[in-house]
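Given next are the chains, with one letter for each unit.
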Amino acid sequence: NAGVMQNPRHLVRRRGQEARLRCSPMKGHSHVYWYRQLPEEGLKFMVYLQKENIIDESGMPKERFSAEFPKEGPSILRIQQVVRGDSAAYFCASSPQGASTYEQYFGPGTRLTVT
Amino acid sequence: AQTVTQSQPEMSVQEAETVTLSCTYDTSESDYYLFWYKQPPSRQMILVIRQEAYKQQNATENRFSVNFQKAAKSFSLKISDSQLGDAAMYFCAYRPGSNYKLTFGKGTLLTVNP
């Protein structure tokens, strides 16, 4: 059973460009969570999505950041007009149902570098 | 707001010895879960062990065990018979029982010396 897949593993963008990070949850999982890990920090919650619905985006910056989890295909975290402060590792996790009772399984992360 | 504190930025241990990593947390919830995650150089987040707050018995997973002190809000991880492959960043994490948001500490970097 394949785990959570994220791609790309590494992404380099110049300031002002767009970054698209993809997450394919584990088979049978319909809930996706995005976390960000800044240098020297622990992971911080950004957004929680179910298929076609954003459940909680309270941890996501109000501007430039958006997330979606369409009926078909991976979840996408999109960062427009990237700035140096967006450089971080972005982790996706998935669970079969709401993770109040289920574990979140993490992907390997995408390391975004903004030059 | 819940907070998780790991007071040891770095720890080291000799191979085959035992090491304990500290974690304290702050919450007003009575129902919650605590976790230790391992992040090796590959940066993959790997769940090491989990503890439900309502369980008095400390969780164990092979060489990994926890000392859960609910009243003191302390949740330490003990690694016995340390192996070179245990070298990694270790994160303590908290999640309320009614919620999905994991709150992580800043991590402890564990070095295992041969």
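About the thresholds
- Residues numbered from 1 in each chain as written.
- Chains lettered and ligands numbered in written order.
- Predicted model: local features only at pLDDT ≥ 70, side-chain atom pairs only at ≥ 80, totals over all residues.
- Heavy atoms only, no water.
- Pairing = 2+ DSSP bridges.
- Helix = DSSP H or I, 4+ residues; strand = E, 2+ residues; numbered from the N terminus.
- Axes fitted to C-alpha atoms, helices over the stretch in contact; angles between N-to-C directions.
- Core = buried A, V, L, I, M, F, W, Y, C linked by side-chain atoms within 4.5 Å.
- Buried < 20%, exposed > 50% of the residue type's maximum accessible area, 1.4 Å probe, protein only.
- Contact = heavy atoms within 4.5 Å.
- 1 Å grid on protein atoms, 1.4 Å probe; cavity = no way out; pocket = protein on both sides within 12 Å on 5 of 7 lines; lining within 4 Å.
- Points joined across faces, edges and corners; volume = space filled by probe spheres on them.
- Nonpolar A, V, L, I, M, F, W, Y, C, P; charged D, E, K, R; others polar.
- Buried area = accessible area lost by both parts, 1.4 Å probe.
- Salt bridge = Lys/Arg side-chain N within 4 Å of Asp/Glu carboxyl O.
- Polar contact = N/O pair within 3.5 Å; in protein donor to acceptor, adjacent residues only side chain to side chain.

### Regarding the sheet that holds strand E3 (residues 19-24) of chain A
Residue and element names in this part refer to chain A. As summarised here, the arrangement of the four strands in space is E1-E3-E8-E7, forming an open sheet in which the pairing is antiparallel. Unpaired on one side and paired on the other, strand E1 (5-7) and strand E7 (65-68) mark the two borders of the sheet. Recorded for the sheet is a direction-independent mean angle of 15° between the axes of neighbouring strands. Alignment of E3 against strand E8 (residues 75-79), held across five bridges, turns out to be antiparallel. Each bridged residue has a counterpart across the sheet, and for Arg22 the counterpart in E8 is Ile76.

### As for the nonpolar core
Core analysis: the biggest nonpolar cluster contains 25 residues, and Tyr25, Trp36, Phe75, Leu77 and Tyr90 of chain B have the highest contact counts within it. Here this core takes four residues from strand E10 (residues 88-96) of chain B, the largest share from any one element. Beyond its immediate stretch of four places on either side in the chain, Tyr90 of chain B contacts Gln6, Leu21, Trp36, Tyr37, Lys38, Val48, Phe64, Leu77, Ile79, Gly107, Thr108 and Leu110 of chain B. One finds Ala19, Trp34, Val47 and Phe65 of chain A within the second-largest nonpolar core, a separate group that totals 23 residues.

### Things to note about the layout of surface pockets
Here the largest pocket defines a volume of roughly 350 Å³. Forming the boundary of the largest pocket are 21 residues, of which Gln37 and Arg111 of chain A together with Gln39, Arg43 and Met89 of chain B lie nearest the centre. Listing elements by their share of the lining of the largest pocket, those giving two or more residues are strand E9 (88-95) and strand E11 (110-114) of chain A together with E10 of chain B. Residue composition of the lining of the largest pocket, by class: twelve nonpolar, four polar and five charged. Volume-wise, the second largest pocket comes out at about 180 Å³. As for the second largest pocket, its lining consists of Leu43, Lys44 and Phe45 of chain A together with Gln2, Pro96, Asn99, Lys101, Leu102, Thr103 and Phe104 of chain B. Counting residues per element, the ones that place at least two in the lining of the second largest pocket are strand E5 (43-50) of chain A together with strand E11 (103-104) of chain B. Here the element with the most residues in the lining of the second largest pocket is E5 of chain A; it accounts for three residues. Class assignment of the residues belonging to the lining of the second largest pocket gives a composition of five nonpolar, three polar and two charged.

### Section: the interface of chain A and chain B
Contacts between the two partners involve 24 residues from chain A and, on the opposite side, 21 residues from chain B. Of the roughly 1,800 Å² buried between chain A and chain B on both sides combined, carbon and sulfur atoms contribute 47%. Joining chain A to chain B, the criterion identifies three salt bridges. Here chain A and chain B share eleven residue pairs in polar contact (both at pLDDT 80 or more) between them. Mapped onto the side of chain A that touches chain B, the elements with two or more residues apiece are strand E4 (31-37), E5 and E9 of chain A.

That is the geometry; function is a separate question.
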